Structure formats: structure tokens, C-alpha cells
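# Structural description and commentary
Spelled out, the chains give:
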Amino acid sequence: MKEVYRYAYHYAGRPVGEGRLEVERRRGGVRASLQAEFLPPLPPGRQRWQTELDAEGFSLRFQERVEGKEVRVFAVERLEEEGVVLVSQGKESLAYPYLAPYHDPLSLFLALPGLALEPGEVVRFPMPGGRVYVERLPDVEVEGKARRQYRLRRGRPWARGRKGAWCAWPSRWAGTSLRRSSWRRKAPEAVSRAGIVGV
């Protein structure tokens, strides 16, 4: 069965785009994709994330495609039999030792509703070459209902190339306020706080 959600993106209190998340739950895992389109004041463009998750919700494969002034494709694949995590951008690839299950940006976003955190608690999630900290914030009221919200903070970037970070997530991702707008099939007013994700 496929679930479809629509999102409204806000930055500094202004609408800056829309997104569509499709989640398909299947035996042995999940496949999901998030397509987003951004408008000024953010750099205009399109972004597509695709992920495949194992039965525990951790990333098997992740791909990010960004279309703006140029097209960039970034991919991460867990190759358990070889004992490595392959990180690719363009024609360059790096192999990291596979040490433990990890999240990608989309798998972490999908894991947020299931976290058993109290407001003020922080948990760390491993990423290839880095980590992300998730802090539970006090609930916020949306359309008369209390909703959980989280602050996401990165540790180190995934990988560094000659010109700096290959992939700047979640700084780009966490700097945008995301609100699930399918609660009643219409977009609510978004809370505008950098680094906040509401679920």
C-alpha cells in the first residue's frame, strides 16, 4: 500500500516551496521518495530523494538528485556482503567500512514519528562519515491538535572532496521547516523555525 503526503516548505516565515512524499511499505522493508520544488529566497530548483530501507527502517540505498543551475546526483549504498558503504557523487566514489546500520536523510525523517523521546531529550543517529542529533522539542498546536516537533543537528558531513563537503545535508534539509500537511488533506500554517521538523 502506498501512502502519499504533501508538504509546505517555509523559510523565515515565508513559503518557499512544496514537496510530495510517497511511502510504499512492502515485505522486508520500505521504499520511499520525496520530491520537492524550491522558490526564492532559497536557490530555485528541484530535489528528489529516494531510499530503500531494511525491515528495521535503516538505509540500504539512498540517492539525492538536485536540479538547479546544474544537476548533481549523490548516492549511498550499503554493501553488507563486501563489508562497505559506497558513497558516490558523479564519477567519484569512496568506500567506507560498514560498521553498523545507519540512516539517510529520508529514512531518519520516516523514523521520527516512532521515536520515544520526551521534550528536551536528544538522541544520536549514525551516518556514513558522520552523525545527526535529534532533539525533541515541546509540542506545537496545529489545527487544534498537539503535534511533536524535533530539532535536527548534524555532527560531521558525510564525506569531503577537494572542494569541501560532498553533501551538505542535513544543514540544507534541517534549515527548512517541514510540516506534514495531509492531516486533513490541506496545508496548515507552518511554524517558521530553522532546523525544526514537525510530525
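Just so it is clear, the structure is predicted and the values come from calculations on it, not from any experiment. (Residues numbered from 1 in each chain as written. Predicted model: local features only at pLDDT ≥ 70, side-chain atom pairs only at ≥ 80, totals over all residues. Heavy atoms only, no water.)

### Looking at the pairing of strand β7 (residues 84-89)
Note on strand geometry: in a regular strand, side chains alternate between the two faces of the sheet. Relative to β7, strand β6 (residues 71-79) runs antiparallel, the two sharing six bridges. Counted as the bridge partner of R78 is V85 from β7. In this structure, the hairpin formed by β6 and β7 is closed by a connection of four residues, where G83 is found at a positive phi of approximately 75°. By the bridge criterion, six bridges tie β7 to strand β8 (residues 92-97) in an arrangement that is antiparallel. By the bridge assignment for β8, S88 is matched with S93. Hairpin remark: β7 followed by β8, antiparallel, with two residues in the connecting loop; positive phi at G90, about 65°. (Pairing = 2+ DSSP bridges. Helix = DSSP H or I, 4+ residues; strand = E, 2+ residues; numbered from the N terminus.)

### Remarks on the pairing of strand β3 (residues 29-38)
Burial of β3 is extensive: seven of the ten residues sit out of reach of the surface. Relative to β3, strand β2 (residues 14-26) is paired through ten bridges, and the arrangement is antiparallel. Residue pairing in the sheet places R26 in a bridge with G29 of β3. The turn linking β2 back onto β3 is made up of two residues, and G28 within it adopts a positive phi angle of 85°. Two strands pair when backbone bridges link them, and β3 and strand β4 (residues 45-53) are joined in this way by nine bridges, in the antiparallel orientation. (Buried < 20%, exposed > 50% of the residue type's maximum accessible area, 1.4 Å probe, protein only.)

### Structural notes on the side chain of E64
Note on placement: E64 falls in strand β5 (residues 59-67). Engagement of the side chain of E64 in a polar contact is seen with the side chain of W49, the distance being 3.0 Å. (Polar contact = N/O pair within 3.5 Å; in protein donor to acceptor, adjacent residues only side chain to side chain.)

### A few points about the nonpolar core
Counting residues in each nonpolar core, the largest one holds 33 residues, and the members touching the most others are L21, L106 and V134. Considering every element that reaches this core, the biggest residue donor is β3, with five residues. Aside from chain neighbours lying at most four places away, what touches L21 is E3, V4, Y5, Y7, S33, L34, L106, F109 and L110. (Core = buried A, V, L, I, M, F, W, Y, C linked by side-chain atoms within 4.5 Å. Contact = heavy atoms within 4.5 Å.)

### What to know about the pattern of salt bridges
Counted by the stated rule, this structure contains 13 salt bridges. For the salt bridge of R46 with E37, the shortest nitrogen-to-oxygen distance reads 3.6 Å. Classification of R46 as partly exposed rests on a relative accessible area of 48%. The exposure class assigned to E37 is partly exposed, which follows from its relative accessible area of 40%. For E80, the salt bridge identified is with R78, shortest N-O distance 2.9 Å. E80 gets classed as partly exposed once you look at its relative accessible area, which sits at 46%. Among the ionic contacts, a cluster of salt bridges with common partners joins R31, E52, R61 and E77. (Salt bridge = Lys/Arg side-chain N within 4 Å of Asp/Glu carboxyl O.)

Such coordinate-based values are descriptive only and should not be taken to indicate function.
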